[in-house]
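Spelled out, the chains give:
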Amino acid sequence: MSLALAPQFATRVRRDEPLSRHTSWHVGGPAEVFFNPRDREDLASFLRAAPADVPISWIGLGSNLLVRDGGLRGIVISTHGTLDALERLSETTVRGEAGLACARVARQCIKWGLGPAEFFAGIPGTLGGALAMNAGAFGGETWAHVRALETIDRRGRARRREPSEYRVGYREVIAPEPDEWFISAELTFERRPGTHAGEVQKLLEQRKASQPIGEWSCGSVFTNPPGDHAARLIEAAGLKGFRIGDASVSQKHANFIINHGEASAADLEHLIGHVRDTVARVHGVALHPEVRIVGVP
Ligand SMILES: Cc1cc2nc3c(=O)[nH]c(=O)nc-3n(C[C@H](O)[C@H](O)[C@H](O)COP(=O)(O)OP(=O)(O)OC[C@H]3O[C@@H](n4cnc5c(N)ncnc54)[C@H](O)[C@@H]3O)c2cc1C
């Protein structure tokens, strides 16, 4: 039976939307219902009207998601291309909405003479995704800058939260309540009037030299274990170039897995499992996926 929605939304959602169109690995089965709100009021009305027992998932730019081939049941809310305002609240504080691209945070903060925000330029996701993951690069981390958050729950109720209400670690954020998502965050930076766009360019070039940028990936597949690098362990286990179907361990950076065009989510997941098992056997180290694996096989 198809998921029933209030009439004002029934014609605005996309049903059976292939999530391969919305993930950087270009894989993933369909979302039963896919909704892209116009603004936060539209989002709140949609959530208020959504059936209470239907699962709800969120997607930003899908740059850290492995959606399985069977897709996602229930509702998928996409913030991409919407909820993307960025404003300056004070000398050193800005507020960004969840759908804002991290690269824009970096560029605009440089224009405002604020920093260090350059690290955001290397994260090909949204601010909402960066908040959910505590994304970081080049020594910078999202939550080091969070001063306040605005969330919305499945009944469409918005609330302001303090960072101290969350348990935040390396690529891990534990929220005080389930089924509550970020709609905006206030971020603080220092006055850095000397920073210029060339510095972002330098960081991006450094990244391009060591990572397979431009190929279909999700960035680092595994988090780094304490005191070591997942890429080093994977390379030392002889896995660079190891292939399942059209998915392989990158020759350039062993913690990246590439979809060469025709890989399925199952190929990628099998390869992730093979890398994890081989590293455990060879080095005795348990690797944990950084990528979020969701959906029905
Ligand atoms: C080439 C490449 C390089 C990368 N380099 C880095 C890097 O240097 N550092 C790094 O940390 N990551 C990196 N990543 C991974 C990825 O870009 C980050 O994890 C990013 O923060 C994910 O954002 P997103 O919008 O794409 O989130 P998605 O992948 O769409 O979602 C990730 C998770 O966040 C949740 N989520 C999304 N929006 C919200 C919201 N508004 N409220 C609550 N939960 C939400 C989703 O449900 C999901 O669980 C890289 C990825 C690629 C492809």
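Here the structure is shown first, and the text comes after it.
Quick look at the structure, then. On a predicted model such as this, the values are computed, not experimentally measured, just so you know.

Another point: the nonpolar core. Membership of the largest hydrophobic core comes to 30 residues, with the highest contact counts inside it found for Phe-120, Leu-131, Trp-143, Leu-149, Leu-187 and Phe-189. Counting only elements with at least two residues in this core, the list comes to helix H3 (102-112), helix H4 (127-133), strand E11 (146-153) and strand E15 (180-188). Ranked by residue count, the leading element in this core is H3, at 6 residues. Apart from the residues within four sequence positions on either side, Leu-131 is in contact with Thr-142, Trp-143, Val-146, Leu-149, Val-173, Phe-182 and Ala-185.

Within strand E5 (residues 72-78), 6 of the 7 residues are buried, which leaves the element mostly enclosed by the surrounding structure. With 4 bridges joining them, strand E2 (residues 30-35) and E5 adopt parallel strand pairing. Counted as the bridge partner of Phe-35 is Ile-77 from E5. Bridging between strand E3 (residues 56-59) and E5 involves 4 bridges; their strand directions are parallel. Across the sheet, Ser-57 pairs through a bridge with Val-76, a residue of E5.

What follows is about the sheet that holds strand E1 (residues 14-18). Strand order in this open sheet of 4 strands is E1-E2-E5-E3, and the pairing throughout is mixed. Only two strands of the sheet have a single partner each, and these edge strands are E1 and E3. This sheet shows a mean twist of 45 degrees between the axes of neighbouring strands, independent of strand direction. Most of the contacts of helix H2 (residues 40-49) go to E5, to which it runs at about 160 degrees, and overall it touches E2, E3 and E5.

Among the 32 residues in the neighbourhood of the ligand, the closest are listed as Trp-58, Gly-60, Ser-63, Thr-126 and Gly-136. Between the ligand and Leu-61 there is a distance of 3.0 Å, counted from an oxygen atom to a backbone nitrogen or oxygen. Protein burial of the ligand: of its 980 Å² of free accessible surface, 91% is covered by the chains. Taken together, the elements giving at least two residues each to the shell around the ligand come down to E3, H4, strand E9 (136-137) and E15. The dominant element in the shell around the ligand, judged by the number of residues it contributes, is H4, at 5 residues. Residues of the shell around the ligand, tallied by class, amount to 15 nonpolar, 13 polar and 4 charged.

Turning our eyes to something else, we now look at the environment of Ala-230. In this fold, Ala-230 is placed in helix H6 (residues 230-236). Separated by 130 residues in sequence, Ala-230 and Leu-100 place their C-alpha atoms 29 Å apart. Leave out the neighbours within four places in its chain, and Ala-230 touches Phe-222, Thr-223, Asn-224, Pro-225, Asn-255 and Leu-287.

Bringing the environment of Gln-251 into the picture now. Mapping Gln-251 onto the fold places it in the loop between strand E18 (247-249) and strand E19 (257-259). Judged by relative accessible area, which is 58%, Gln-251 ranks as exposed. Spatially, the C-alpha atom of Gln-251 lies 9.0 Å from that of Glu-235, the residues being 16 residues apart in sequence. Excluding residues within four positions of it along the chain, Gln-251 makes contact with Lys-240 and Gly-241.

The next thing to look at is unusual backbone geometry. Here the bond from Gly-115 into Pro-116 is cis, since omega is -5 degrees, no more than 30 degrees from zero. Residue placement: Pro-116 occurs in the loop between strand E8 (114-115) and H4. Although it is not a glycine, Leu-83 adopts a positive phi angle of roughly 40 degrees. Tracing the sequence through the fold places Leu-83 in the loop between E5 and strand E6 (86-88). Since its relative accessible area comes to 4%, Leu-83 is described here as buried. With phi around 50 degrees, Arg-171 is a residue other than glycine that occupies positive phi space. Of note, Arg-171 is situated in the loop between strand E13 (167-169) and strand E14 (172-174). For Arg-171, a relative accessible area of 18% translates into the label buried.

For the rest of this paragraph, the subject is the pairing of E15. Along E15, 8 of the 9 residues are buried, which leaves the element largely enclosed by surrounding structure. Of the pairings in the sheet, the one linking strand E7 (residues 93-97) to E15 comprises 5 bridges and is antiparallel in character. Across the sheet, residue Glu-97 finds its bridge partner in E15, namely Ser-184. Sheet topology note: the E11/E15 ladder contains 7 bridges and is antiparallel. Looking at E15, one finds that Val-146 is bridged to Leu-187.

Parameters and conventions
Residues numbered from 1 in each chain as written. Predicted model: local features only at pLDDT ≥ 70, side-chain atom pairs only at ≥ 80, totals over all residues. Heavy atoms only, no water. Core = buried A, V, L, I, M, F, W, Y, C linked by side-chain atoms within 4.5 Å. Buried < 20%, exposed > 50% of the residue type's maximum accessible area, 1.4 Å probe, protein only. Helix = DSSP H or I, 4+ residues; strand = E, 2+ residues; numbered from the N terminus. Contact = heavy atoms within 4.5 Å. Pairing = 2+ DSSP bridges. Axes fitted to C-alpha atoms, helices over the stretch in contact; angles between N-to-C directions. Near = heavy atom within 4 Å. Polar contact = N/O pair within 3.5 Å; in protein donor to acceptor, adjacent residues only side chain to side chain. Areas by Shrake-Rupley, 256 points an atom, 1.4 Å probe, with all protein chains shown as cover. Nonpolar A, V, L, I, M, F, W, Y, C, P; charged D, E, K, R; others polar.

Interpretation in functional terms is not warranted from these geometric data alone.
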